[in-house]
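Below are the chains, spelled out letter by letter.
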Amino acid sequence: MNYFLLRLCLILLVFSTIDQANAAKLSLPADVGLRAANATISGYVKDAANGEGLIGVSVYVKELSTGAVTNDYGFFSLTLPEGAYTVIFTYVGYKKETRTVQLSAQNVRLNMELQQEGKDLQEVVVSTQREDDNVKNIEMSVNKIDIRTIQKMPALLGEVDVIRSIQLLPGVSTVGEGSTGFNVRGGNTDQNLVLLDEAPVYNSSHLFGFFSVFNPDAVKDVKLIKGGIPSLYGGRISSILDVRMKEGNAKRPEVNGGIGAIFSRLTYERPFLGGRGSFIVAGRRSYADILAKPFLSGDLKGSRFYFYDLTAKANYKINDKNTVFLSGYLGRDVFGADFGFNWGNTTTSLRWNHVFSDKLFLNTTAFYSNYDYLLDSDLKRKEKNDFFRWKSKIINYSVKPDFTLFLKNNTLTFGGQAILYTFEPGTAEAASGGTVRAFGLEKKYALESALYVGNEQQISSRLQLQYGLRYSLYSYIGPGESYAFADTTVGLRRQPILNQTRTYDKFEPIKTYGNWEPRFAAKYELNASSSLKLSYNRLAQYIHLISNTTASTPLDVWTPSTNNIKPQIADQIAGGYFRNFGKSGNAYEASVEVYYKWLQNQIDYIDGADLLLNKYLEGELLNGRGRAYGAEFYLKKNQGPLTGWISYTLAKTERLVEGINYNRWFPTRFDKRHTLNMVALYDLTKRVNVSATFAFATGTPGTFPTGGYVFQGWRAQIIDGRNNYRIPAYHRLDLALTLQGKKKPGRKWEGNWVFSAYNVYARRNPFSVFFQQADDKQTVTVSGEQFEVPVAKAYRYSVFATIIPSVTYNFKF
């Protein structure tokens, strides 16, 4: 059967169904629970100060003790029996608004604007928007971080960072400072789907992992999903980090910025076309290279080491039913002197919001994403006769319609997605003596599509369910070649069978995979202040990051699933107890979650694997299983001058790969048994805020020698087992003080100073431990005879071995 025709038919079927429903003006049958006496309240909820749509606002109907929350664009819909109701709008950091609504046979459009409270947000540090959402919302294993809270936390070199902030949440870790990406519940860095306005970001770090690509001045909402992943999402098996950008101030022009020790930033936003549209443009540029230039000499004189990014977004309201959004990101890192490399991301998202009726909402997204890097022996282009240049990239094109149908006691979501991948594993050219030779690997192509449906259903006042199904269909396509490999001893390099190599034409399927991905979540409220939650999800991932280093680097290679590389599959089940208590019932939030994850088709490598520019890369790879399980404890204080949270994670992550570690389970490189994080924010006065973070984690595993022997004056190491030891534990204390400027009537300029100290007690946290033969000799006695043998020494490599103070000035006008 033609899989591409099947995909096209499935997508057309979705649109055909919606067109029919719209043409019938949603004349729904009685069996969906709607009656003629029902009417619908719907509308948008926005920030009164800038017109931004607010995500996750609680819309509560007092008389019926029911309600809804706004979606990612601030839209809500409630179907109720006819009558008079008190509708309450609440959102953390904003004043509560109440409206009385009289519902008759006519539907009511109710658009709201919420006013920010007179003080800066400090009382909820990591929030799902409602005060009792921890208990009431069906979501579990989900954290939302308010950007204003992130701005108050201590940060490396005083620069606020989204990725570093989420690493203080339970279940999230990293292999160490200076590593790109993050690990969630035993997953590798490539198993996290990082989205910026729905476009995937393949390398979310600047400066080798010290900063993220997300400009905090342009970020509106940050949501991390670790489990119970809705059917809307797919493509990765560990987590979803969904970052939404601001839409731009629709009320008045506004300028934000900051001057720090490592980089400066500037943001400009304003309305246009009489307020029907708005835009935001934000830029950052580091200047360590400029500051260091006077102190460099010789070959280092022309060194370049900096990064920059530009983030922009615009929206335009065509009419009450149609709004369009256009957003983009461009960022790059440059590192080196004469020899060096650079890497960067480019994304573009075009979205169309359409309100078919008071009950049916559509968002259609088309995006482009490009991650590429360049390695160059002659960055300054001085040499024409001798050089080496190598580049690699991964490009995505996608279309994604998402529908939301608001029914009584049900919210139905359905839609689909199609993604075209282009992989360029590596193309290179080299010159020697003026002779230029081009070589490298051919491009690879893949097509991934999916259809999904999900439903959130209120069974009773206490029981709520969320269930859905996603079907993903993937094809590794031409033009390209497929290879077969000869059998050999497991753990050794497999050699290609050359006479079985086959060539495929453009768009011809080479290998096709399909996976059903069920999703389920349930919440049962024990009482008004506590609940139990349970979730299960299966996810499939068809692309892979090829890297056998300690942590992923900008030069790692992405590759698709092929006839020799199977898609990764993960099944996760999680359960939790959630409780709020204290003053007003919500002063404190507490939760305990346990999880177990099974992973299939995990990639590992033979000893001495050749991963770069290798045409027969698939012969270097091994296939294995994984498992991850643990418990996460979380306590958060929401109210009072002192707020913050404590999280503790007890976890274990292992793999079983035939041919490695004597075919026994071994811990992964990012396995951390104990992780403790503490965050505290304290208001000394209205203008002065102090904050502190403390992080502790068990050391990550490493493969250390267990013995050795001397041969011709050199000490050779004997290694028994994979990841058989752990490096010393990691712990760090950070402090910060924020001083707000004095506010004067009529003065538009606002500013604050942030003084921070990273690694306060100068802990030499090891990133890795390695062994090296020293010049020293030691005398050993064997059978009564003495020998002098070289000494092997262990060295600890630390990225930051001292305290790092910083000062940052932020302004707004």
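Student: Describe the overall build of the protein chain, naming the residues involved and giving the relevant values.
Tutor: Check the secondary structure of the protein chain and you find five helices and 51 strands. By sequence separation, contacts in the protein chain at least 24 residues apart represent 66% of the contacts at least 6 residues apart. Of the roughly 35100 Å² of accessible surface on the protein chain, 57% is carried by carbon and sulfur atoms.

Student: Got a sec to walk through the sheet that holds strand 3 (residues 66-69)? Specific residues and values, please.
Tutor: A sheet is described by the order of its strands in space; here four strands give the open sequence 3-2-5-6, paired in antiparallel fashion. In this open sheet, the two strands that pair with only one neighbour each are strand 3 and strand 6 (97-103). Taken pair by pair, the neighbouring strands of this sheet meet at an average axis angle of 25 degrees, ignoring direction. As judged from the four bridges shared by strand 2 (residues 58-61) and strand 5 (residues 83-90), these two strands associate in the antiparallel manner. The residue bridging S58 from the neighbouring strand is T90, located in strand 5.

Student: Go over the packing of aromatic side chains, please, and point to the residues and values.
Tutor: Inspection of the entire model under this criterion finds 39 aromatic pairs. An aromatic cluster of three or more residues is present, and its members are Y44, Y73, F75, F325, F361 and F406. Taking NZ or CZ as reference, R627 lies 3.8 Å from the ring centre of W665, over its face. Cation over ring: R722 sits above F666, and NZ or CZ is 5.5 Å from the ring centre.

Student: So, the pairing of strand 38 (residues 621-637): which residues are in play, and what are the values?
Tutor: For strand 37 (residues 588-605) and strand 38, the ladder comprises 16 bridges, and the chain directions are antiparallel. Its bridge partner being in strand 38, V592 is matched across the sheet by F633. The pairing of strand 38 with strand 39 (residues 642-657) spans 14 bridges and is classified as antiparallel. Looking at the pairing, G630 lines up with A651 of strand 39. With antiparallel pairing between neighbouring strands as the criterion, strand 38 and strand 39 make up a hairpin whose turn holds four residues, including G640 at a positive phi of roughly 100 degrees.

Criteria and cut-off values
- Residues numbered from 1 in each chain as written.
- Predicted model: local features only at pLDDT ≥ 70, side-chain atom pairs only at ≥ 80, totals over all residues.
- Heavy atoms only, no water.
- Helix = DSSP H or I, 4+ residues; strand = E, 2+ residues; numbered from the N terminus.
- Contact = heavy atoms within 4.5 Å.
- Areas by Shrake-Rupley, 256 points an atom, 1.4 Å probe, with all protein chains shown as cover.
- Pairing = 2+ DSSP bridges.
- Axes fitted to C-alpha atoms, helices over the stretch in contact; angles between N-to-C directions.
- Phe/Tyr/Trp six-rings, centres within 6.5 Å; stacked < 30°, edge-to-face > 60°.
- Lys NZ or Arg CZ within 6 Å of the ring centre and 35° of its normal.

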